[in-house]
Amino acid sequence: MSWMSTLGERLKRLVRPRPGAPVLHVASDVGNGPTVVLVHGIASSSVTFHYLVPLLEQHFRCVSIDILGFGRSPAPETAEYTLDEHVAALHATIRANGLRGPLIIVGHSLGALITARFAAEHPQLVEHLVLVSPPVYLSPSSIGDKRARLENDLYLRAYDYLRTNKEFTLANARIIARLLPIKGVFELDEVRWTPFVKSMQNCIENQTIISDLTRVNAPIDVVYGALDQFIPRGGLDIIARMRGVTMHRVEVNAHVIRRRLARVVAEVLAADLPATERAFDDSVV
C-alpha cells in the first residue's frame, strides 16, 4: 500500500463520525395534555415518580425516562457518565420519541442537575423547569458561612468515601432498598456500580447547577423537603435569590418523592393549566 493510501485510510479513521448518544428507555408514556418529561436521580429509576404520575396524568402527558446507566436504559462500556453525556442521551431520547417543545421538564435529585443543564443548552425545548430535591453542593471555599461551609464539606467527603469503599456502600444500599416502601426507588448493585460512582463524581461532586441555571430562560420552580438529608445549607440559598426562581419548601418530607411532596409538585405544574383544569384528584395515590 502506498503512503498516499495509508494516509487516506488514517484520515478516514480521524473523520469517521462518533456514534450518536444512546436513546434511553421510556418507562411510561401516559395521559393527555401538555407534555411533562420526568427525569429521575442517581441509583434509581422512573419508579421515583410513583406518586406523582397518577396526579399529573389527569391533565398532562407524562413521559418518564430512565437516565443513562440506570433502570432499563443502556449502560455503555465507554461511558464516563459526565453531565454532557447524560444531557446528550436525554436530548437524543426526546428527539427519537418525537417530543416537540416547548416541554415541561421535571428532574429529581441527579435528574435536577441533568435537566438544569438540558434547559440551559436547549432553551427552545423547555417552557418550565421543575427541580425536585436538587442536591446543590458548592466548593467549600466559595461559602462564607463557616457552619454551612463545614456541612457542605462533610457531604463531599462522605460521597468520596462511598465511591472508594464499594463493599460498604453496596451493603448499606441493600439495607436502604429494603426499608423504602416502593421497590425500585433506590437500586444499587454490581451492575449499576460504575454508572453510580462515575455519575456521583462527574455530576454531583463536580456540578455546575448554579452556572447552568443562570442560562435558563424558562420559569424555574424548586421543590424540596424540609427534612431532606442530601441538601446542605448554602446552595439552595443561592438558587433562591436567582432570577425567575420560585422556592417551595415541603414540611415533614425528606429526599424521596412521597405523597406530600408529589402533591406540591402537581400543584406547581397545575399553574401551567387553564384555571378550569387546575383541580386534581389526589385520592388516586
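Below or above, wherever it landed, is the structure these notes cover. (Residues numbered from 1 in each chain as written. Predicted model: local features only at pLDDT ≥ 70, side-chain atom pairs only at ≥ 80, totals over all residues. Heavy atoms only, no water.)

Further remarks concern the pattern of salt bridges. A full pass over the atoms with the stated rule returns 14 salt bridges. One salt bridge in this structure joins Asp 29 and Arg 61, with 2.7 Å as the shortest N-O distance. Of the two residues, Asp 29 sits in strand 1 (residues 26–30) while Arg 61 sits in strand 3 (residues 61–65), which places them 32 residues apart along the sequence. The salt bridge partner of Glu 190 is Lys 166, with a shortest N-O separation of 2.8 Å. With a gap of 24 residues between them, Glu 190 in the loop between helix 6 (166–179) and helix 7 (193–205) and Lys 166 in helix 6 connect regions that are remote in the sequence. Counted as one network, the salt bridges with shared partners bring together Asp 84, Arg 117, Glu 121, Asp 212 and Arg 215. (Salt bridge = Lys/Arg side-chain N within 4 Å of Asp/Glu carboxyl O. Helix = DSSP H or I, 4+ residues; strand = E, 2+ residues; numbered from the N terminus.)

As summarised here, the arrangement of the seven strands in space is 1-3-2-4-5-6-7, forming an open sheet in which the pairing is mixed. In this open sheet, the two strands that pair with only one neighbour each are strand 1 and strand 7 (245–250). For this sheet the average axis-to-axis angle between neighbouring strands, irrespective of direction, equals 15°. In the sheet, strand 1 pairs with strand 3 via four bridges, with the strands oriented antiparallel. Within strand 3, the residue paired with Val 26 across the bridge is Ile 65. (Pairing = 2+ DSSP bridges. Axes fitted to C-alpha atoms, helices over the stretch in contact; angles between N-to-C directions.)

Our next topic: the side chain of Asp 228. Inspection of the secondary structure assignment puts Asp 228 in the loop between strand 6 (220–225) and helix 9 (235–240). Buried within the structure, Asp 228 lacks any salt-bridge partner; Arg 249 is the closest side chain of opposite charge, at an N-O distance of 11 Å. In this structure the side chain of Asp 228 is engaged in a polar contact, spanning 2.8 Å, whose partner is the backbone nitrogen of Phe 230. Within polar-contact distance, the side chain of Asp 228 engages the side chain of His 255 at 2.9 Å. (Buried < 20%, exposed > 50% of the residue type's maximum accessible area, 1.4 Å probe, protein only. Lys, Arg positive; Asp, Glu negative; His and termini not counted. Polar contact = N/O pair within 3.5 Å; in protein donor to acceptor, adjacent residues only side chain to side chain.)

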